[in-house]
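So you can see what is in the structure, the chains are spelled out below.
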Amino acid sequence: MIGISGNVNPYAYLETNSLYNIERYYLISNFYLRFSPAKWISFRSTFSPYVKFERRGEYYDRFASRSISVARMWNDNTLSYIWDNHMNIFKEFDEHRISYDFIQSSQMDRFEEAYAYGRDVPFQSLWYNVQSAPLRDATTGFRQSTLLSFTNRLNYSFRDKYLFTGTIRWDGSSKLSEGNKWAYFPSAAVAWRLDQESFMSGISQVNNLKLRLSYGYTGNNNIAPYSTQSALNRQTYYDWDGQTANGFIPGALSNKELTWERTREWNLGVDFGLYGRRISGAIDVYDRLSKNLLMERKLAMPTGWATMIDNVGSVNNRGIEFLLRTINVTTTDLTWETTFIFSRNKNKIVELYGATEDDVPNRWFIGYPVNVIYAMEFDGVWQKDELAEEDLQAMEGTAKVKDLSGDGSIDIDNDMRVLGSPDPNWIGTFSTSLRYKNWDLSTTVYTKQGMLIFSPFHEEFTDFNSKVILDVPYYVRENPVTEARYSNTHPQPAYQGEYWGEDAEDYGFPGFNKDASFVRIQNITLGYNFSRDLLSRIGIEQVRLYFNALNPFVFTSYEGFDPEWAGATMSGENATNTSYSIYQIGATIKF
């Protein structure tokens, strides 16, 4: 009953007393208070607490796990709140409108966790008897962070044609280091409604035309709490005068210089509406420069630490976003509308650690995106007629890579390069809706193009050393038992060479980097509305029957479960990340 992949067989899991169970309890609330002592001033306070209690239990009996029973239990408690206090002053003088806002905001996030593990549990008591296991373990955890913000915002409008907004915000984060917890972020925006100008009055085709320009700064403190502190949370044992002593060492290397990641952005945009707003949309062009980027980076082995959180450098993002809505046909019986959305972003590293030098161990390269595939380039399989007689035994049927340096040899320093990025070159969405009398039909198409990813799916299911799940045309040498097959896409099962399989990590897994571009039909909905005149006779306001298909089709060259989750691991919480095709038939009835 054990699957060929070496994982737990789902049928064996279902047919035994094994169980995975989750219980969650939520409290989501919002308290609101508003007070206006005069027409021109108002006060508002909003308090939004959030509470979650979660218990997860997992139990595998001996049959499902092939050897011994295993029980695990997690208890996680989350408490958070956001408290906003907002004062608004509004004045209007002739053709002038002025609004001032002062906002004070506080946020707290608190998390507690407890985990218990038992191996070889003697009773079929799920996860409620972990302490009876001869081998057991338990861990607990706690983290808390706070964010305090003060915002001043001024809005000004003249004749409802010339608009201005100025904002300055101060944020303080408990996650950052002493002396760097507070930072300020100013911004300003102007807009001009050209359609309100007298020189546009004679152009009847234009119903809306607005130019926008904004410039400002935002901040990011998205790191784990206590990253600036050394926590003694790893147990260790050492010699104390010939006796074994129990002690603790830091679990991670702290960084006492962590400060805010700060992003400068300007945005130029235009909103438009033409021909009675039958054609409308928006175009935005932006440029963002993020400095003191907060990221985890690898460290040299002599430091004794694998990674640390640091302000690593600067990254630039430039792009364009385009939205177009059209009303193609509108009559009494027929309406047809479409929406197009297109976005393209170019991401590149500008600076690292105050210099313009690449950081190869972290796979960060000046002028390239933050997320890249840095690897040797797969170049097929060594064929029999390509090799000298003395190389046949060792190399025939093994994976080969390109000699990018052209020096006649393959080495890790000169023949690896940036092949692409998991981030798409562009994203697009097309949606359309059609209504004819009582019938309606709508669909949405979504696409991501230009993604190159490392595929754990192919690492798992084309690693011939341990398991073969995919039916792939692997190379077969001439032999007296089976027919030879001269594949140039998959090496031989017996020995694939150093550039294929799980041992090819140092070379960037040349055979497992795949194009994950796709076009997905996100939904198709067909509905029918019964005549209201007919329904009114029996006291019903509306009846609508519909058929809905969610994610019915995807078009891609990627061979895995789902190209949108092609980078997901084959184990852990990401293992089940995939889109599902769902077909629904339903009815909406209103009385």
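In case you missed it, the structure is sitting above this.
Every chain is numbered independently, its residues counted from 1 as its sequence is written. Local features are withheld for residues below a pLDDT of 70 in this predicted model, meaning they are given only at 70 or higher, and side-chain atom pairs are given and counted only at 80 or more; totals for whole chains, interfaces and linings count all residues. In computing side-chain properties, one takes all heavy atoms of the structure into account and sets aside hydrogens as well as water.

### As for the overall build of the chain
Then, number 1: Labels follow the DSSP assignment, with helices taken as runs of H or I lasting at least four residues and strands as runs of E lasting at least two, numbered in each case from the N terminus. Per the secondary structure count, the chain includes 5 helices and 28 strands.
Then, number 2: The principal-axis extents of the C-alpha atoms in the chain amount to approximately 90 × 70 × 65 Å.
Then, number 3: Looking at the chain as a whole, 37% of its 591 residues qualify as buried.
Then, number 4: Residues count as neighbours in contact if any of their non-hydrogen atoms are within 4.5 Å of one another. The contacts in the chain between residues at least 6 apart in sequence include a share of 63% that link residues at least 24 apart.
Then, number 5: Positive and negative charge centroids in the chain, built from 57 and 71 side chains respectively, lie 12 Å apart. Only protein chains enter the area calculation, which uses a 1.4 Å probe; residues under 20% of their type maximum are buried, those over 50% are exposed, and those in between are partly exposed. None of His or the chain ends enter the tally, which takes Lys and Arg as positive and Asp and Glu as negative. Lysine's charge is taken at NZ, arginine's at CZ, aspartate's at CG and glutamate's at CD.

### Points about the nonpolar core
Then, number 1: Of all hydrophobic cores here, the largest spans 16 residues; its most connected members are Phe365, Tyr374, Met376, Val418, Tyr499, Trp500 and Tyr507.
Then, number 2: If we ignore the near neighbours within four places in the chain, the residues touching Met376 are Val401, Ile410, Asp411, Ile412, Asp415, Met416, Leu419, Tyr499, Tyr507 and Pro510.
Then, number 3: Here, nonpolar core refers to any group of buried Ala, Val, Leu, Ile, Met, Phe, Trp, Tyr and Cys residues whose side-chain atoms link them within 4.5 Å. Among the nonpolar cores identified, the runner-up in size contains 9 residues, and Tyr446, Met451, Phe457 and Tyr558 belong to it.

### Thoughts on the pattern of salt bridges
Then, number 1: Take a side-chain nitrogen of Lys or Arg and a carboxyl oxygen of Asp or Glu: if they are within 4 Å of each other, that pair is a salt bridge. What the rule picks out here adds up to 27 salt bridges.
Then, number 2: As a salt-bridge pair, Glu54 and Lys52 come within 3.6 Å of each other at their nearest N and O atoms. Of the two residues, Glu54 and Lys52, neither departs from the other in class, the shared state being buried.
Then, number 3: Residue Asp101 is joined to Arg153 by a salt bridge in which the shortest nitrogen-to-oxygen separation is 3.7 Å. Of this pair, Asp101 sits in strand 5 (residues 96-119) while Arg153 sits in strand 6 (residues 135-158), and the two are 52 residues apart along the sequence.
Then, number 4: When its relative accessible area of 5% is taken as the criterion, Asp101 is described as buried.
Then, number 5: On the basis of relative accessibility, which here comes to 26%, the residue Arg153 falls in the partly exposed class.

### A look at the packing of aromatic side chains
Then, number 1: Pairing of aromatic rings covers Phe, Tyr and the six-membered ring of Trp, with a centre-to-centre limit of 6.5 Å; geometry is then stacked below 30 degrees between planes, edge-to-face above 60, and tilted otherwise. This model, assessed by the stated rule, comprises 27 aromatic pairs.
Then, number 2: With centroids separated by 6.3 Å and ring planes inclined at 20°, the aromatic side chains of Phe150 and Trp182 adopt a geometry described as stacked. Separated by 32 residues along the polypeptide, Phe150 in strand 6 and Trp182 in strand 8 (residues 182-193) bring together distant segments of the chain.
Then, number 3: The exposure class of Phe150 is partly exposed, given its relative accessible area of 27%.
Then, number 4: Taking the centre distance of 5.2 Å and the plane angle of 65° together, the rings of Trp500 and Phe512 count as edge-to-face. In this pair, Trp500 sits in the loop between helix 4 (456-461) and strand 25 (513-515) while Phe512 sits in the loop between helix 4 and strand 25, placing the two residues 12 residues apart along the sequence. Both residues of the pair, Trp500 and Phe512, belong to the buried class.
Then, number 5: Ring pairing ties together the aromatic residues Phe378, Phe454, Trp500, Phe509 and Phe512, which thus form one cluster.
Then, number 6: The lysine or arginine in question, Arg56, covers the ring of Trp74, its NZ or CZ lying 4.7 Å from the ring centre.
Then, number 7: Both a distance and an angle decide whether a charge sits over a ring: NZ of Lys or CZ of Arg must be within 6 Å of the ring centre and within 35 degrees of the ring normal. The aromatic ring of Tyr286 is capped on one face by Arg288, whose charged end is 4.2 Å from the ring centroid.

### Some words on the environment of Phe123
Then, number 1: Relative to the helices and strands, Phe123 resides in the loop between strand 5 and strand 6.
Then, number 2: Look at Phe123 and you get partly exposed, because its relative accessible area is 49%.
Then, number 3: Separated by 54 residues in sequence, Phe123 and Ser69 place their C-alpha atoms 8.9 Å apart.
Then, number 4: Those residues in contact with Phe123 that lie beyond four places of it in its chain are Tyr59, Asn129 and Ser132.

### Some remarks on empty space enclosed by the protein
Then, number 1: A 1.4 Å probe that fits but cannot get out identifies a cavity on a 1 Å grid over protein atoms alone, an open set with protein on both sides within 12 Å along at least five of seven lines counts as a pocket, and a residue lines either if it has an atom within 4 Å of a point. Grid points are joined across faces, edges and corners, and a volume is the space filled by probe spheres set on the points. Counted according to the given criterion, the structure contains 1 cavity of 30 Å³ or more.
Then, number 2: Estimates place the volume of the largest cavity at around 50 Å³.
Then, number 3: For the largest cavity, the full set of lining residues is Leu293, Met295, Val312, Gly313, Ser314, Val315, Ile349, Glu351, Leu352, Trp364 and Val370.
Then, number 4: Of all elements in the fold, only strand 16 (313-330) and strand 17 (334-352) reach the threshold of two or more residues within the lining of the largest cavity.
Then, number 5: Throughout this entry, Asp, Glu, Lys and Arg are counted as charged residues, while Ala, Val, Leu, Ile, Met, Phe, Trp, Tyr, Cys and Pro are counted as nonpolar. The remaining residues, Gly among them, count as polar. When its residues are assigned to classes, the lining of the largest cavity shows 8 nonpolar, 2 polar and 1 charged.

### Observations regarding the side chain of Asn311
Then, number 1: Mapped onto the elements of the fold, Asn311 is located in strand 15 (residues 307-311).
Then, number 2: For this analysis, a polar contact is any N or O atom pair within 3.5 Å, provided that within protein one partner can donate a hydrogen and the other can accept it, and provided that sequence-adjacent residues contribute only side-chain to side-chain pairs. Separated by 3.0 Å, the side chain of Asn311 and the backbone nitrogen of Thr259 make a polar contact.
Then, number 3: Ignoring any residue separated from it by four or fewer positions in sequence, one finds Asn311 in contact with Glu257, Leu258, Thr259, Trp260, Asn292, Leu293 and Leu294.

### Section: the environment of Arg318
Then, number 1: Residue placement: Arg318 occurs in strand 16.
Then, number 2: If near-sequence neighbours (up to four positions away) are discounted, Arg318 is found in contact with Tyr286, Asp287, Arg344, Asn345 and Lys346.
Then, number 3: A polar side-chain atom of Arg318 sits 3.3 Å from a polar atom in the side chain of Asn316.

### With respect to unusual backbone geometry
Then, number 1: The backbone of Leu126 shows a phi angle near 55°, a positive value even though the residue is not glycine.
Then, number 2: Mapped onto the elements of the fold, Leu126 is located in the loop between strand 5 and strand 6.
Then, number 3: Of note, the phi angle at Asp160 is positive, near 60°, even though the residue is not glycine.
Then, number 4: One can find Asp160 in the loop between strand 6 and strand 7 (162-173).
Then, number 5: Judged by its relative accessible area of 34%, Asp160 falls in the partly exposed class.

### Overview of the side chain of Thr46
Then, number 1: Structurally, Thr46 is set in strand 3 (residues 41-60).
Then, number 2: Residue classification places Thr46 among the buried residues on the basis of a relative accessible area of 16%.
Then, number 3: In this view, Thr46 contacts Asn30, Phe31, Tyr32, Ile82, Trp83 and Asp84; residues no more than four positions away in its chain are not counted.

### Considerations on the environment of Leu154
Then, number 1: With respect to the helices and strands, Leu154 occurs in strand 6.
Then, number 2: A residue is classified by how much of its surface remains accessible, and Leu154, at 37% relative accessible area, is partly exposed.
Then, number 3: Separated by 184 residues in the primary sequence, Leu154 and Thr338 place their C-alpha atoms 37 Å from one another.
Then, number 4: With residues near it in sequence (within four places) discarded, Leu154 still touches Ile98, Ser99, Tyr100, Phe164, Thr165 and Gly166.

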